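Architecture at a glance
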Amino acid sequence: MQPLAERLRPQTLDDYVGQKHLIGEKAILRQMIESGHIASFILWGPPGVGKTTLAKIIANKLDRPFYTLSAVTSGVKDVREVIEKAKQSRFFSQGGNPILFIDEIHRFSKSQQDSLLGAVENGTVTLIGATTENPSFEVITPLLSRCQVYVLKSLTNEDLLELALRAVNTDAELKKRKVFFDETEALLRYAGGDARKLLNILDLVITSDQEGEVHFRNEIVTERLQQNPMAYDKDGEMHYDIISAFIKSIRGSDPDAAIYWLARMVAGGEDPKFIARRLVISAAEDIGLANPNALLLANACFDALQKIGWPEGRIILAEATVYLAASPKSNSAYLAIDEALALVERTGNLPVPLHLRNSPTKLMKDLDYGKNYKYSHDYPNHFVEQQFLPDQLQKTSIWKVQDNAAEKKHSEWLRFLWKNKY
């Protein structure tokens, strides 16, 4: 049986829920569709708000050949084959250019996007792209200049409730059950503005009750989702709960737990770049100076992930995760920058000591800018004691050494140089 989200996919604009600013009465996309003339465009919005559905409705409404590519599984060869098919179909189509829909277009490489330019430029195809990422950063400029960008918004709670009621009242399978929405807070919260997620939760809760009436209550929704570990929501509360558990497991030096939460995210379809970014942050925030190589490895993980792609990228994430979890920990740099920011907030824009100021002009030199500055490399151990903080903060200590081998070594060296400061 098809998933509920597929069974309920709207076939017309009137059945489409949400995005009134684009397809409501006299809205730009509705006017374009009803006129029968559409230009290439990109739909930018979060998951589950109807990007694919809207593209299919447009193709059906205009009765044009419709080709679909997924940027996750398609290469340049696939793009060229579809464009060739589109060229041939133009001879048999009376309704205008074929439509080429590319899902997750932000995952296309530069060369893949380049291969589209000619066909879009000369009208071989009308391109409709869908992306969850900002096209300004993820779509090459020449292609972006040939497309209008339309922003889709997360569905409102009213939209989601309308969709939920439509599902239980119109779907042949769900109509067999008596469904009551006694409470909707948890349902709407876990759906997080995502229609597909909402329908998946509906399906999960209703089918898990084998007989009788189904009453939606907050505790029932929460219980059912917790019993189904694959019900990972990439943008809702579980998304934040699991990434929180992942980072805290690394911070707590538990590689087993960290790799488990990583697996939960991988199995749930989390964006690998999101995980890699959090590893880089964790390396600086939680491991820091106790093992500076952690930041290097985490950054290398991020770079390698973009070069290797998926699914092999999971191995790179796993290596970085285990390494960070097993590393000694320090948050001294994290605490130091926060303390320094608080100090700046309290003391304002204190003047830079004259001897530290730049002096590129004669006037500045006459005003003693840079006077008496001592060049550290001219002295033994490349160090000479002098004032670097503003006058009012000379005796202030910001970075606090923590109890790990690497920082103890740094501290010993600084005490040797400064005698009394560190």
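To start, this report covers the structure provided alongside it. (Residues numbered from 1 in each chain as written. Predicted model: local features only at pLDDT ≥ 70, side-chain atom pairs only at ≥ 80, totals over all residues. Heavy atoms only, no water.)

This paragraph deals with the overall build of the protein chain. Scanning the protein chain from N- to C-terminus turns up 20 helices and seven strands. Since a compact globule built from 422 residues should have a radius of gyration of about 22 Å, the 29 Å found for the protein chain marks it as more spread out than a globular shape. Considering the protein chain as a whole, with its 422 residues, one finds that 41% of them fall into the buried category. With an accessible surface of roughly 23,100 Å², the protein chain has 53% of that area assigned to carbon and sulfur atoms. (Helix = DSSP H or I, 4+ residues; strand = E, 2+ residues; numbered from the N terminus. Rg over C-alpha atoms; globule rule 2.2 N^0.38 Å. Buried < 20%, exposed > 50% of the residue type's maximum accessible area, 1.4 Å probe, protein only. Areas by Shrake-Rupley, 256 points an atom, 1.4 Å probe, with all protein chains shown as cover.)

Before going further, it helps to spend a moment on the layout of surface pockets. In this structure, the second largest pocket spans a volume of roughly 250 Å³. In terms of lining residues, the second largest pocket is bounded by Glu-385, Gln-386, Gln-387, Phe-388, Leu-389, Gln-394, Lys-395, Trp-418, Asn-420 and Lys-421. (1 Å grid on protein atoms, 1.4 Å probe; cavity = no way out; pocket = protein on both sides within 12 Å on 5 of 7 lines; lining within 4 Å. Points joined across faces, edges and corners; volume = space filled by probe spheres on them.)

The element strand β4 (residues 126-131) is extensively covered by neighbouring structure, given that six of its six residues are classed as buried. The alternating pattern of β4 places Thr-126, Ile-128 and Ala-130 and Leu-127, Gly-129 and Thr-131 on opposite faces, both of which are buried. Bridge count between strand β1 (residues 41-44) and β4: four bridges; the pairing is parallel. Bridge pairing links Phe-41 to Ile-128 in β4. Where strand β3 (residues 99-103) meets β4, five bridges bridge the pair, whose relative direction is parallel. (Pairing = 2+ DSSP bridges.)

Among all residues except glycine, the phi angle is most often negative; among peptide bonds, the trans geometry is most common. Despite not being glycine, Glu-104 shows a phi value in the positive range, around 55°. Looking at the secondary structure, you find Glu-104 in the loop between β3 and α6 (110-121). Classification of Glu-104 as partly exposed rests on a relative accessible area of 24%. The backbone of Asn-372 shows a phi angle near 70°, a positive value even though the residue is not glycine.

Grouped together as the largest cluster of nonpolar side chains are 29 residues, with contacts concentrated most on Leu-199, Leu-202, Phe-216 and Val-221. Elements with a contribution of two residues or more to this core: α1 (4-7), α9 (157-170), α10 (185-191), α11 (195-208), β7 (214-216) and α12 (218-227). By residue number, the principal contributor to this core is α11, which donates seven residues. (Core = buried A, V, L, I, M, F, W, Y, C linked by side-chain atoms within 4.5 Å.)

Below, the discussion takes up the packing of aromatic side chains. Summed over the entire model, instances satisfying the criterion amount to seven aromatic pairs. Aromatic pair Phe-181 and Phe-216: ring centres 5.0 Å apart, planes at 25°, arrangement stacked. Here Phe-181, found in strand β6 (residues 179-181), pairs with Phe-216, found in strand β7; they are 35 residues apart in sequence, far enough to count as distant. Here Phe-216 falls in the buried class, since its relative accessible area comes to 0%. Ring centres of Tyr-260 and Trp-261 lie 4.8 Å apart, and the angle between their planes is 70°; on these two criteria the pair is classed as edge-to-face. Counting every residue linked through ring pairs, the aromatic cluster contains Phe-383, Phe-388 and Trp-418. Over the ring of Tyr-369 we find Arg-357; its NZ or CZ atom is 5.0 Å from the centre of that ring. Lying across the ring of Phe-416, Lys-419 places its NZ or CZ 4.8 Å from the centre. (Phe/Tyr/Trp six-rings, centres within 6.5 Å; stacked < 30°, edge-to-face > 60°. Lys NZ or Arg CZ within 6 Å of the ring centre and 35° of its normal.)

Pairing within the open sheet is parallel, and its five strands lie in the order β2-β3-β4-β1-β5. Here the strands that pair on one side only, and so sit at the sheet edges, are β2 (66-70) and β5 (148-151). Within the sheet, the average angular offset between the axes of one strand and its neighbour, ignoring direction, is 20°. Two elements, β2 and β3, share five bridges in a ladder whose sense is parallel. Within β3, the position partnered with Tyr-67 by the bridge is Leu-100. Of the strands in this sheet, β1, β2, β3 and β4 touch helix α4 (residues 51-62), which is tilted by about 175° from β3. (Axes fitted to C-alpha atoms, helices over the stretch in contact; angles between N-to-C directions. Contact = heavy atoms within 4.5 Å.)

Where nonpolar side chains cluster on the molecular surface, the patch consists of Tyr-373, Tyr-375 and Phe-388 and spans about 320 Å² of accessible area. Relative to the helices and strands, Phe-388 is located in the loop between α19 (362-366) and α20 (405-418). Classification of Phe-388 by relative accessible area gives partly exposed; the value is 40%. (Patch = residues over 30% accessible without salt bridge, like charges linked within 9 Å, V, L, I, M, F, W, Y side chains within 5 Å. Salt bridge = Lys/Arg side-chain N within 4 Å of Asp/Glu carboxyl O.)

A few words on the environment of Lys-175. Within the fold, Lys-175 resides in the loop between α9 and β6. Once the C-alpha coordinates of Lys-175 and Leu-363 are considered, the two residues, 188 residues apart in sequence, prove to be 85 Å apart.

Among the structural elements, Gln-386 can be located in the loop between α19 and α20. Looking at Gln-386, its side chain comes within polar contact range of the main-chain oxygen of Lys-374, at 2.8 Å. Once residues within four sequence positions are removed from consideration, Gln-386 is found in contact with His-355, Tyr-373, Lys-374, Ser-376 and Trp-418. (Polar contact = N/O pair within 3.5 Å; in protein donor to acceptor, adjacent residues only side chain to side chain.)

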